[in-house]
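Chain by chain, the residues:
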Amino acid sequence: MQYSFLNLVRQGLSGHQDWPAQWRSPEPKTAYDVVVVGAGGHGLATAYYLAKEHGITNVAVLEKGWLGGGNTGRNTTIIRSNYLWEESEAIYEHALRLWETLSRELNYNVMYSPRGVMMLAHNVHDVQVFKRHVHANRLAGIDNEWLSPEEAKAFCPPLNISRQLRYPVLGGALQRRGGVARHDAVAWGYARGADRLGVDIIQNCEVTGIRRDINGAVEGVETTRGTIKAKKVGVVAAGHTSVLMAMASLRMPIESFPLQALVSEPIKPVLPCVVMSNSIHAYISQSDKGELVIGAGTDVYTSYSQTGGLHITTHTLEAIAELFPTFRRLRMMRNWGGIVDVTPDRSPIIGTTPVPGLFVNCGWGTGGFKATPGSGHVFAATIARGEPHPIAAPFSLERFVTGRLIDEAAAAAVAH
Amino acid sequence: MLLIHCPYCAMERPEIEFRHAGEAHVARAPDPSQLDDETWAEFLYFRSNPKGVHAERWRHVHGCGRFFNALRDTVSDRLLVTYKAGEVRPELPPQEHSR
Amino acid sequence: MSAGAFRTATGGRIDRTHTLRFTFDGRPLQGCAGDTLASALLANGRHLVGRSFKYHRPRGIVTSGSEEPNALVTVVRDGGRTTPNLRATQVELYDGLTAISQNRWPSLTRDLGAINDKLSLMFPAGFYYKTFMGPRFLPENWAWTKVFEPAIRRAAGLGRAPTSADPDRYASRYAHCDVLVAGAGPAGLAAALAAAEAGARVIVADEQSEMGGSLLSASRGAINGVPTAQCAADALAQLAGHARVRLLPRTTVFGYFAQNMAGLAERISDHDPSPDPEGPRERLWQVRARHVVIATGAIERPLVFSNNDRPGIMLAGAALTYLNRYGVTPGQRAVIAGSHDGIYAAALDLAGVGVEVAAVLDTRADPQSAAMAAALDAGLPIRTGTCIVGSRGHLRVSEIMIGAPMADGSIRDAGRIPCDCLLMSGGWTPSVHLFSQSRGKLRFDAAAGVFLPGVSAQSETSAGACGGASGLAAVIESGAAAGRTAAQACGFGLGRARAYRVEGILEATEATGHVNAPRLPQGMAKAFVDFQNDVTSRDLELAAREGFRSIEHIKRYTTTGMATDQGKTSNMNALALVSGTLNTTVPDVGLTTFRQPYTPVTFGTLAGMARGDLFDPIRRTSIDGWAQGKGAAFEDVGTWKRAWYFPRAKEDMHAAVARECRTVRAAVGVFDASTLGKIEVVGPDAAEFLERMYVNAFKALKPGRCRYGILLNEAGFVIDDGVIARLAQDRFHVTTTTGGAASVLNMMEDYLQTEWPDLQVWLTSTTEQWAVIAVQGPRARDVIAPLVDGADVGGEALPHMSVCEAKVAGVPARLFRVSFTGELGFEINVPVGAGRSVWEAVAARVEDAGGCAYGTEAMHVLRAEKGYIIVGQETDGTVIPEDLGLGWAIGKSKADFVGRRSLVRPDMIRTDRKQLVGLLTRGRDVLLDDGAQVTSVAAPAKGTAALGHVTSSYHSSVLGKSIALALVRGGRGLMGQRLHVPMPKGAVEVEVVSPVFYDPKGEKLNG
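Residues numbered from 1 in each chain as written. Chains lettered and ligands numbered in written order. Predicted model: local features only at pLDDT ≥ 70, side-chain atom pairs only at ≥ 80, totals over all residues. Heavy atoms only, no water.

## Regarding the overall build of chain C
What chain C contains, in helices and strands, is 22 helices and 52 strands. Split into buried and exposed, the 1007 residues of chain C put 62% on the buried side. Considering only residue pairs separated by 6 or more positions, chain C has 67% of its internal contacts joining residues 24 or more positions apart. Across chain C, the 106 positively charged side chains and the 100 negatively charged ones have centroids separated by 3 Å. (Helix = DSSP H or I, 4+ residues; strand = E, 2+ residues; numbered from the N terminus. Buried < 20%, exposed > 50% of the residue type's maximum accessible area, 1.4 Å probe, protein only. Contact = heavy atoms within 4.5 Å. Lys, Arg positive; Asp, Glu negative; His and termini not counted. Charge placed at Lys NZ, Arg CZ, Asp CG, Glu CD.)

Written out as structure tokens, the structure is:
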């Protein structure tokens, strides 16, 4: 049944008795053309585009827990494309353009809300770096503009731009098309869309091994629900990528870190945009429900625990309370953690692997949500064709050997 | 916040006294120029990142300043044992392996 | 008058002689000392206190504790001290308290938002995922972003954030103890006593203002012959007498972290009508305990039936607490209903103070218990095998509809009972939150229908009701045993076990009570599971129908358990309903993860004292005070404050910097370079060590000479630079960038300790030991020469890039002949204690010589005129020495150094890498933006790849034109060519030139 206002009214009159399941819960078949490991947003999007764009519908998405239960459902949902390097601009802008039409594409309101993402500069070095971003983005046709402190305050009234701040706001880079979306809806929308195209989404099915033939090529996976054959396997498992790739005897340039986030109790609308401060580690927006959604930095050690230290939370709230002193009496309602897969250059890995038939899409670190549609789109093309999509090509594993890194983190590093 | 036993100071101190320093036992080759690009990349970037017992380095940066190694369970974040730099990775009792 | 028509004549723990005035929504009311806002409102007959989130249903007080889902209010104080979303059940009454209700307009009794309730058929769980995507004739997302989302946002939220900054202070403490006891009810107090008597250091924290928990709500019964409430007082007095015990009332253990660290939030002054403005409002405790006793009790569950949310409907246990602790009756005519013995104690107590008990309804067909027998003896109207199917009333419940469950699952109408309050009990849910946060594994007790602590992951014990103990005697026993276990776990003896003899108890808080969820008749009525978020049983059924199977999905789809109470009263009901709908077991549906905080914690409390200047340490040089005295502007560089420029009368930044630059070039300038990182590298292998760390050769460097050092990471990218001086065969003075000081030392220590432990080298940070005074300009030597004692500063004795030891202005100094301006220059290093006095001596001579002090901005311009790089500005973590034209610095004969191997990776030996060049604009005054892109055409199409970017751009007053440094693809091969820099107002044509704009032959270095 299509989702529409009309159908909502019709169903309302009959007690909403006839809405069908949003996706099936099928038993796994013994073989598929493609197996995608990981039913987060990226994995489900991959399956959706495999079916939609490449006509490959004999696809299973295997999920050890419940779909959308990993980082997709744990992040602070920031969407933007104002990255520095051309390779990054290409993939994140590709994703942003898909975001703009995603609700109708999926017939599922993912609540993409381009309310503007403002990144604050707190020192001269920040100013120089952000201006460089603005110029690079303009050349690439990506909106990004520089705001003075006063303009930043006009855009975000609760922001404290006092010069007396320990690290005063010296300005900000604003991408107006940036914003947020409803994370669960993205997973559910892609799941429903993929399911309707014939993809089997199999939850509570943990992959325990990767089967290879005598030539070393992939021939399927072992799971807690039996062996599933497939000539092509795409691993899209975020924090668990290293664990899965180890099943194919591959080491990865990845480390998994805890990343925490928290929400306040809901309050009436007070924060109209997304505000990010890399210098003092504060990321904040307000959800449609009224909660302030706040992202923290990663813990310093690798972990699969989905929890982190209290000192990481307090550090973030120190920054929030300084930037927004009117929020100081508000209260943290819930704090949680995810496992982010971090690469040496803070850019993702999308593409083929040394194992024939095995593909990987990982390394999105702390910022993968924004890329979900684009990531799935180019990864589906990569799996379908057996070679990297042009946008994905620079994000190969090979770059760690040649040294052609796409280093977004170092570009913002501070010295002098 | 973890509680970490510094093998040099011989005391348990809070995590904020320490700085994490990545995977342990990733030795730099005596003569890197002899390595091919793949092997060098392996040293630079590729890590085991296990779910379970992880050998990692910490530095007691706000204490004695020494680098040392630790075995930690990355599922529970529990520190199992710490040992000095240069020492071989200790064997854990079987129950620690099975965790 | 004893502050309220619903106040009993006697009893309770309030002070009837101490009347407190307060207002609610502007209406003046009175309460008693010892009241909470909730008990005071109830004493005045006020049940309606709020509106629900989605449907704006009128809501009353349901509980008496922190689990309250409905009664959220804003407490108004002066200025920025207003606090939204407080639970009225936790707000302690004080004289003059001003509270207002939330989420209603124009008033609590007439709320236009209640229209949502009428339209609720359109608003089932997750309705927003299915609509708002059109209309089709409008552009994608237009209506959503312009119309629908703004409307949803306006409706969302509960209270309002304050509009001015919070002036209050927050404190923070760390503490260690042997045993932390979370919760000071009967189990917690028994545990604390047992642990303390065994010799353990104990911290007891309880979220309420008065410790004692359920003992304070009991009307009958005795322990060892002493009335229960007196027992609590006795236990507290004994604990207070132990030197090793710290009692923390008003303190919530909100989080249980790795390795037995607990987070505690202490509320210090909110209950005070006029708190000390210098004192803290709240305090964060971070407690490391060797063992934790979790004694957090159990939470009563509501019954799920149609319209179970009307004001006047509250939990039976809460009613008991209001009656026995606060002397408040919930109404005049009560119906008491549930599936649990607790209803009989409530009925007896209410009847005892003259409340008419209209009916006691027990859903169980044949309950047998002492409590019921007592109620029968008292002649109370008991009906077994009876459930509630609905309620009537608008702003207050007025009537209850009851039914009799039949064998076939249907419910037969059993009539109506008028009443003004309904007290319900669906059983008790153990508060396993902290145990679960400790990463312990929960187990489902199918017989009791509850989750209980299973396998522990840390050193803790759950005691009392939260551990599954049932009945006061068992609760106390388990508490005492837990206290002894805890002490033993900390290495103390077992100690003497106290004997507790409990008598005369009727209150039952067993962790039992399967969720009683009758199949609802079809119709419009709503049976609420999550009160605050307006999640009904139908919403849960809809989610199940739409294929959501896991409680994590159902929670997210329906928002059940996601309100400010985080599902404390609703989660088990939701699980039971869903498992019933799916025809599976509760564990199959799963349990959502318990996350901290247990109850919400103020941001300010978590941020603590880190505000204003204490947000991050401020580092200032010894010369900082002088610069402040001269009116310098400062910039933040890392944690340092650095003098940026020294404006004189009417000068703006541009004018001041231009003057400073001209002065340095024409005469002399003095600059505070103290923030530069400094590392003393000492030992027989010091030169070998530096050769391995830096790209440069150091073995051949003679003592007394300096070298410009470049540091790479192993990936081959430039990460730091600085001057390195050899003071002696075995001693080097290494300087780093300001920002790199700590990380470079860390990196050096790393290699020294772990890769090359055989090298005999010692590293010492001397950043804070040396004040560094740079004197630069053609008259630099004239300025310093008279101040120098014990060294010849002449060009031959002390040539460029050399160092000597001498006295400067009478102070022992390391005197460097170095230049970061291209002029004749010296850097005087003196101990920081003498920094200010030497600086003043030098600055006075500089002034006399027609010079001036200059700041970091002039320093940047002067070095850019010379094409000297700044790490972090000309480099961005992707730049190798060759890109910067610094390949010459690499020690060619060295076999190895950090990063060397990476310099021959395929991408590093490409010929089209970006290289450092200078750019000159055609218009001499046109200033390029920092970070502007360089292209080959003037009007590049969107998506054109850039050739590079501007790394530094300044107006050079000395040269009379703007200059820029840039990294440009193959730049060194493009000298003299014309390129373009697109700027907001159009592209600027530039010429590619050498990055050295000033004195290309370097003659000025010698004055």
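That shown, we press on.
## Examining the layout of surface pockets
Approximately 1100 Å³ is the volume found for the second largest pocket. Surrounding the second largest pocket, 38 residues form its lining, Val124(A), Leu170(A), Trp644(C), Met653(C) and Glu857(C) being those nearest its centre. In terms of residue class, the lining of the second largest pocket is made up of 16 nonpolar, 11 polar and 11 charged. (1 Å grid on protein atoms, 1.4 Å probe; cavity = no way out; pocket = protein on both sides within 12 Å on 5 of 7 lines; lining within 4 Å. Points joined across faces, edges and corners; volume = space filled by probe spheres on them. Nonpolar A, V, L, I, M, F, W, Y, C, P; charged D, E, K, R; others polar.)

## Focus: the pattern of salt bridges
This structure, assessed with the given rule, holds 83 salt bridges over all chains. One salt bridge connects Glu219(A) with Arg211(A), and the closest N-O pair in it is separated by 3.8 Å. The class of Arg211(A) is partly exposed, set by a relative accessible area of 30%. The partner of Asp907(C) in a salt bridge is Arg913(C), with the nearest N and O atoms 3.6 Å apart. By relative accessible area, which is 8% here, Asp907(C) ends up buried. Within the structure, one salt-bridge network assembled from shared partners comprises Arg404(A), Asp883(C), Asp907(C), Arg910(C), Asp912(C) and Arg913(C). (Salt bridge = Lys/Arg side-chain N within 4 Å of Asp/Glu carboxyl O.)

## Here's the deal with the sheet that holds strand β9 (residues 207-212) of chain A
Residues and elements named next belong to chain A. With antiparallel pairing, the three strands of this open sheet are ordered in space as β9-β10-β11. Strand pairing shows two members of the sheet lacking a second neighbour, β9 and β11 (226-229), which therefore form its edges. Taken pair by pair, the neighbouring strands of this sheet meet at an average axis angle of 25 degrees, ignoring direction. Pairing geometry for β9 and strand β10 (residues 218-223), over five bridges, is antiparallel. Across the sheet, residue Val207 finds its bridge partner in β10, namely Thr223. (Pairing = 2+ DSSP bridges. Axes fitted to C-alpha atoms, helices over the stretch in contact; angles between N-to-C directions.)

## Comments concerning helix α7 (residues 183-196) of chain A
Look at α7(A): 20 Å from first C-alpha to last across 14 residues, which is about the 20 Å you get at 1.5 Å a residue. Immediately downstream of α7(A), the backbone of Gly198(A) shows phi near 105 degrees, a positive value. (Expected span 1.5 Å × (residues − 1).)

## What to know about the domain arrangement of chain A
All names here are of chain A. According to the domain assignment, chain A consists of domain 1 (5-74 + 184-253 + 345-411) and domain 2 (117-176 + 255-342). Between domain 1 and domain 2, the contact holds 17 residues from the first and 16 residues from the second. A buried area of about 1200 Å², summed over both sides, lies between domain 1 and domain 2, and 50% of it is on carbon and sulfur atoms. Where domain 1 packs against domain 2, one counts zero salt bridges. Where domain 1 meets domain 2, there are seven residue pairs in polar contact (both at pLDDT 80 or more). (Domains from an automatic or database assignment. Buried area = accessible area lost by both parts, 1.4 Å probe. Polar contact = N/O pair within 3.5 Å; in protein donor to acceptor, adjacent residues only side chain to side chain.)

## What to know about the side chain of Asp534(C)
Residues and elements named next belong to chain C. Within the element layout of this structure, Asp534 appears in the loop between β30 (528-530) and β31 (535-536). Judged by its relative accessible area of 1%, Asp534 falls in the buried class. Of the polar contacts made by the side chain of Asp534, one reaches the backbone nitrogen of Lys54; its length is 3.0 Å. Within the structure, Asp534 has its side chain in polar contact with the side chain of Arg59 (distance 2.8 Å). Filtering out sequence-adjacent residues up to four positions away, Asp534 remains in contact with Ser52, Phe53, Lys54, Tyr55, His56, Arg57, Arg59, Phe528 and Asp539.

## Some remarks on the interface of chain C and chain A
Each partner contributes residues to the interface: chain C has 134 residues there, and chain A has 108 residues. Of the roughly 10500 Å² buried between chain C and chain A, counting both surfaces, carbon and sulfur atoms make up 55%. When the buried area of chain C at its contact with chain A is split by residue, Arg153(C), Arg595(C) and Phe603(C) rank highest and sum to 9% of it. Connecting chain C to chain A are nine salt bridges. Notably, a salt bridge pairs Asp166(C) with Arg329(A), separated by 2.8 Å at the nearest N-O pair. No other element matches the seven residues that helix α3 (residues 142-155) of chain C contributes to the side of chain C that touches chain A. Its residues assigned to classes, the side of chain C that touches chain A comprises 57 nonpolar, 42 polar and 35 charged.

## A word on the pairing of strand β36 (residues 677-682) of chain C
Residue and element names in this part refer to chain C. Summarising burial for β36: six of the six residues are buried, a large majority. Here β36 shows two buried faces, one formed by Gly677, Ile679 and Val681 and the other by Lys678, Glu680 and Val682. Summarising the sheet, β36 and strand β39 (residues 731-736) pair through six bridges and their orientation is antiparallel. Paired with Lys678 across the strands is Thr735, a residue of β39. Across four bridges, β36 lies against strand β40 (residues 762-765) in antiparallel orientation. Along β40, the bridge assignment pairs Val681 with Leu763.

## Quick look at the packing of aromatic side chains
Taken as a whole and assessed by the stated rule, the structure comprises 40 aromatic pairs over all chains. Summarising the aromatic geometry, the rings of Phe400(A) and Tyr45(B) are spaced 5.5 Å apart at their centres and angled 65 degrees between planes, so their arrangement reads as edge-to-face. Taken as a pair, Phe400(A) in helix α11 (residues 399-402) and Tyr45(B) in helix α1 (residues 37-45) lie in two separate chains rather than in one. With respect to burial, Phe400(A) and Tyr45(B) carry one shared label: buried. Sitting over the face of the ring of Phe528(C), Arg59(C) holds its NZ or CZ atom 4.8 Å from the ring centroid. If you follow Lys568(C) out to its NZ or CZ, it ends over the ring of Tyr598(C), 4.6 Å from the centre. (Phe/Tyr/Trp six-rings, centres within 6.5 Å; stacked < 30°, edge-to-face > 60°. Lys NZ or Arg CZ within 6 Å of the ring centre and 35° of its normal.)

## A few points about empty space enclosed by the protein
In this approach a probe as big as a water molecule rolls over the atoms, and the regions it shows empty are the leftover space. All names here are of chain C. In this structure the tally under the stated criterion is 16 cavities of 30 Å³ or more. In this structure, the second largest cavity encloses a volume near 380 Å³. As for the second largest cavity, its lining consists of 26 residues, of which Leu86, Gln90, Arg267, Asp270 and Glu282 are closest to the centre. At the level of elements, β6 (83-87), β14 (261-267), β15 (280-294) and β32 (601-602) are the ones that each hand at least two residues to the lining of the second largest cavity. Tallied by class, the residues present in the lining of the second largest cavity amount to nine nonpolar, six polar and 11 charged.

## Focus on unusual backbone geometry
Note: most peptide bonds trans; most residues except glycine with negative phi. All names here are of chain C. A cis geometry characterises the amide bond from Gly134 onward to Pro135, with omega recorded as -5 degrees. Here Pro135 is to be found in the loop between α2 (115-118) and α3. A positive phi angle, near 55 degrees, is found at Asn103, a position not held by glycine. Of note, Asn103 is situated in the loop between β7 (97-101) and α2. On the basis of relative accessibility, which here comes to 6%, the residue Asn103 falls in the buried class. One non-glycine residue, Gln259, adopts positive backbone phi at about 55 degrees. Relative to the elements of secondary structure, Gln259 occurs in the loop between β13 (251-257) and β14.

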